[in-house]
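Fold and geometry: a report
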Amino acid sequence: MIFVEALASVPTCFAPIEDPLDSHFLTRPQRPFPVMPRFIARFFGSSREAQSNLSLSLMASPGVLLLFVFAYLPMVGIVIAFKDYRFDAGILDSAWVGLENFKFLFGTDAAWRITRNTLLMNTLFIIVSTAGSLLVALLMNEVYTSRMSKYYQTALFFPYFISWVIVSYFLFALLNGNTGLMKKVVETLGFETIRWYRAPGYWPVILTLAHLWNGLGFGSLIYLAGILGISPELFEAARIDGAGKLAQIRFVTLPLLYPLIIILVLLAIGRIFHADFGLFFFLPRDTPVLYRTTDVIDTFVYRSLVELGDIGMAAAAGFYQSTVGFGMVVLANWIVRRINVDYSLF
Amino acid sequence: MGVELLQKTAQAVPDRDRTRTRWEGSQVMAHAILLLITLVCLIPMVLVISVSFSDEVRIAKEGYKLFPVGFSTFAYTYILKQPQQILQSYGITFLVTLLGTGVGLTISSLLAWPLARRDFKLRGILSFYVFFTLLFNGGMVPFYILVTRYLGLKDNILVLVLPYLVTAWFVLILRTSFAQLPGEILDAARIDGSGEWRMFFQIVAPLSKPALATISLFYVLRYWNDWFLALLFIDDSGLYPLQYLLYVLMRNIQFMASNPQTTGMPIPTQSARMAMAVLAFGPALFTFLLLQKYFVRGIAVGGLKG
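Residues numbered from 1 in each chain as written. Chains lettered and ligands numbered in written order. Predicted model: local features only at pLDDT ≥ 70, side-chain atom pairs only at ≥ 80, totals over all residues.

**Quick notes on the overall build of chain B**
Assigned secondary structure in chain B consists of 15 helices and zero strands. For chain B, buried positions account for 43% of its 306 residues. Residue pairs in contact within chain B that sit at least 24 positions apart in sequence constitute 72% of those at least 6 positions apart. (Helix = DSSP H or I, 4+ residues; strand = E, 2+ residues; numbered from the N terminus. Buried ≥ 20, exposed ≤ 12 C-beta atoms within 10 Å, placed from the backbone. Contact = placed C-beta atoms within 7 Å.)

**Focus: the overall build of chain A**
Assigned secondary structure in chain A consists of 16 helices and two strands. Per-residue burial over chain A gives 39% buried out of 346 residues. For chain A, the share of sequence-separated contacts (at least 6 apart) that also reach a separation of at least 24 residues comes to 65%.

**Quick look at helix α2 (residues 25-52) of chain B**
All names here are of chain B. With 28 residues, α2 extends 41 Å between its outermost C-alpha atoms, agreeing within 8% with the 40 Å of an ideal straight helix rising 1.5 Å per residue. Helix geometry: α2 is bent most strongly at Ile43, by close to 35°, with proline Pro44 lying one to four residues after it. Within the sequence span of α2, burial applies to Ala30, Leu34, Ile37, Thr38, Cys41, Pro44, Met45, Leu47, Val48, Ser50, Val51 and Ser52. (Expected span 1.5 Å × (residues − 1). Bend = angle between axes of the 7 residues up to and from the residue.)

**Overview of the interface of chain B and chain A**
In this complex, chain B contributes 88 residues to the contact, which on the side of chain A involves 83 residues. Here the element with the most residues in the side of chain B that touches chain A is α2 of chain B; it accounts for 15 residues. Of the residues belonging to the side of chain B that touches chain A, the class tally is 63 nonpolar, 18 polar and seven charged. (Nonpolar A, V, L, I, M, F, W, Y, C, P; charged D, E, K, R; others polar.)

**Re unusual backbone geometry**
Its identity as a non-glycine residue notwithstanding, Arg285 of chain A has a phi of 55°, on the positive side. Checked against the element boundaries, Arg285 of chain A lands in the loop between α13 (277-282) and α14 (291-294). The phi dihedral of Asp155 of chain B falls on the positive side, at around 55°, and the residue is not glycine. Here Asp155 of chain B is to be found in the loop between α7 (140-150) and α8 (168-179). On the neighbour-count criterion, Asp155 of chain B (13 C-beta atoms within 10 Å) is partly exposed.

**Side note on the packing of helix α3 (residues 47-77) of chain A against helix α5 (residues 84-116) of chain B**
Taken N-terminus to C-terminus, the directions of α3 of chain A and α5 of chain B make an angle of 125°; their axes are 8 Å apart at the nearest point. The angle between α3 of chain A and α5 of chain B falls in the class oblique. Pair α3 of chain A / α5 of chain B crosses with left-handed handedness. Here Leu56, Met59, Ala60, Pro62, Gly63, Val64 and Leu66 of chain A of α3 of chain A come into contact with α5 of chain B, specifically with Ile107, Ser108, Leu110, Leu111, Trp113 and Pro114 of chain B. (Axes fitted to C-alpha atoms, helices over the stretch in contact; angles between N-to-C directions. Parallel < 35°, antiparallel > 145°, perpendicular 65-115°, else oblique. Left-handed = near helix turned anticlockwise from the far one by under 90°.)

**Quick look at the confidence of the model for chain A**
Reading predicted coordinates in detail is not appropriate for stretches of low pLDDT. On average, residues of chain A score 84 in pLDDT, and 87% of them are at 70 or above. Counting interchain partners and residues more than four positions distant, the pLDDT-below-50 stretch residues 1-26 of chain A has 16 contacts. (pLDDT = per-residue confidence, 0-100.)

**Side note on the nonpolar core**
In terms of nonpolar packing, the biggest core is built from 167 residues, with Ile166 and Ala173 of chain A together with Val48, Val141, Leu246 and Ala277 of chain B touching the most fellow members. The biggest single contributor to this core is helix α10 (residues 203-228) of chain A, with 13 residues. Those residues in contact with Ala277 of chain B that lie beyond four places of it in its chain are Ile166 and Tyr169 of chain A together with Val48 and Leu246 of chain B. (Core = buried A, V, L, I, M, F, W, Y, C linked by C-beta atoms within 7 Å.)

**Let's talk about the confidence of the model for chain B**
All names here are of chain B. Predicted confidence across chain B gives a mean pLDDT of 82, with 83% of residues reaching 70 or more. Across chain B, the element-wise mean pLDDT spans from 48 in helix α1 (residues 2-11) up to 95 in helix α12 (residues 228-233). Throughout residues 5-20 the model reports pLDDT below 50, and contacts reaching past four residues in sequence, or to other chains, amount to 25 contacts. As a predicted assembly, this complex carries a pTM of 0.84 together with an ipTM value of 0.84.

**Let's talk about the packing of helix α12 (residues 245-270) of chain A against helix α16 (residues 311-339) of chain A**
All names here are of chain A. Running from amino to carboxyl end, α12 crosses α16 at an angle of 160°, the nearest separation of the two axes being 7 Å. Looking at the two axes, α12 sits roughly antiparallel to α16. The interaxial crossing formed by α12 with α16 has right-handed handedness. Within the contact between the two elements, α12 uses Ile262, Ile263, Leu266, Leu267, Ile269 and Gly270 and α16 uses Met328, Val329, Ala332, Asn333, Ile335, Val336 and Ile339. Of the residues belonging to the contact of α12 with α16, the class tally is 11 nonpolar, two polar and no charged.

**Structural notes on the environment of Phe161 of chain A**
All names here are of chain A. With respect to the secondary-structure elements, Phe161 resides in the loop between α7 (148-157) and α8 (164-175). Its 21 C-beta neighbours within 10 Å are what place Phe161 among the buried residues. Taking the C-alpha atoms as reference points, Phe161 and Phe104, separated by 57 residues in sequence, lie 39 Å from one another.

**Observations regarding the environment of Glu192 of chain A**
All names here are of chain A. In this structure, Glu192 sits in the loop between α9 (181-188) and α10. Glu192 sits in the exposed class, given 7 other C-beta atoms within 10 Å. It is 60 Å that separates the C-alpha atoms of Glu192 and Pro62, two residues lying 130 residues apart in sequence.

**Focus on the environment of Val147 of chain B**
All names here are of chain B. You can see Val147 is positioned in helix α7. When the C-alpha atoms of Val147 and Pro163 are compared, they prove to be 9.4 Å apart, with 16 residues separating the residues in sequence. Setting aside residues no more than four positions away along its own chain, Val147 makes contact with Leu153, Val159 and Phe233.

So, in structure tokens, the structure goes:
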């Protein structure tokens, strides 16, 4: 229906604009939008409202446009996973190949390896980071009134502001085989020197520690905010009932933090199919020997796309990640909704 | 929504009595553990700074130490002697950060304000439009093809700015914060005949300074620390941003080490490399220390990062 109306009112769009040279132009009473098509006016309501709605729409439009280009167009572009993409032909004119790319992707060992690594590493991250952040938040809560807490917060937070490229320098300073600090430490402890950048077995631990180091300030702050939001009377009551520090944590703090913990963990699970590209790409320095434990979907997509130029493979892996990842978010949110609607993301 | 819950928890932070002074055993223990954790957190940074000030020959002999061995500023003078590339990269990063933060903040808040307005007819549909981009994205491949083939932005400085201008997460945080402005003031402005644009720039924006400051810091950080867009789209070394330059240096270091340059001067690879890292994170760290309280509050408010 609205289209019919739109067509019917097109001519009003081109209604003559008042001639600015008209001497009465400024003194004549002005209608708010002399050129506004009727169907828009009808949609937006009365003239006053219409004017404000139109202004608001105009305000939103640059942002809407940018999102359209950089978020929505790539969503449509996801169809190249089903095409034999050729740069000279473009997305539209490349030939459809059905599931060919997927057959190729899942025929390799890589598909299993990147799925396993992504899921396993993210699971490790979630567990370790949640536990670490909670622990630090509980400790910070104990000393919150102290002047030192400012220093703790700063020291814990600064890694969050350091890019993974620079972290790769940090890690290299610790681990490199000739001069790294860890070489000395390991030797002092009386063990054999470890060639870290050749030994894939250590990397799940190294990456988990790096991730923890990076996110500790952020995670603990959120939990600390949660703890500080708990009414002090509850702790008072527990103390009167004879609860010590640990008992207070167990019976007051943690139960009241559960909703927050559950939300944050579920949100993290929703993103379990997306690995932190910078972390997995820069820290192992893209070393093939380490792929067994450090190659994740994101690094695989990047490598296939840019280094190998295998767009079909990259697109198939990307499609796999986007769709399964989307399913995970929806599932996680559905579970949160079942627990408590207020905490759900949508 | 989850965002609002977190925002409520964050608001609880400031009201806290600071009257307790007597130390308990649990506090001593907490201090001890936290001291240990924070010291461990700082080690990598201290190490890198120390190496950047160390003597190249002694590094090779003794390895990296937490305190500079044979204090020397040679690495810095070496880098600054041929500063074209690093200055160029600084310039690019600076320009991109400035442009991205200014334009991004304007566009995002202009998008967030209508979404905060209950009387805006497109509010529901546009909110979903913004929010959906958090849930689903096309991934790297279509993005790469879009930018290189259809927008033709490869090796163009705009590609370092445009894709991050509107970030759904920032828009949603701004929206939540705008929605909490007292309605009376807006009504008063409306009765006084203020139009929407004027109301936004003269009333909404000035009243939301803390939220805008927080989000602009997020933008600064995002642009300053970005290497991703350069990794995908920049081949021209004149357009390398700082972080990407560091990555390229790290990648080329073996190559440089095996090709002693014709200058006849020993290349301070180890210390120069670390000095580069220090020069790159120094400004970011400084900004962080300066504006830390906004960051901390902002992140508590922002809650879940996108």
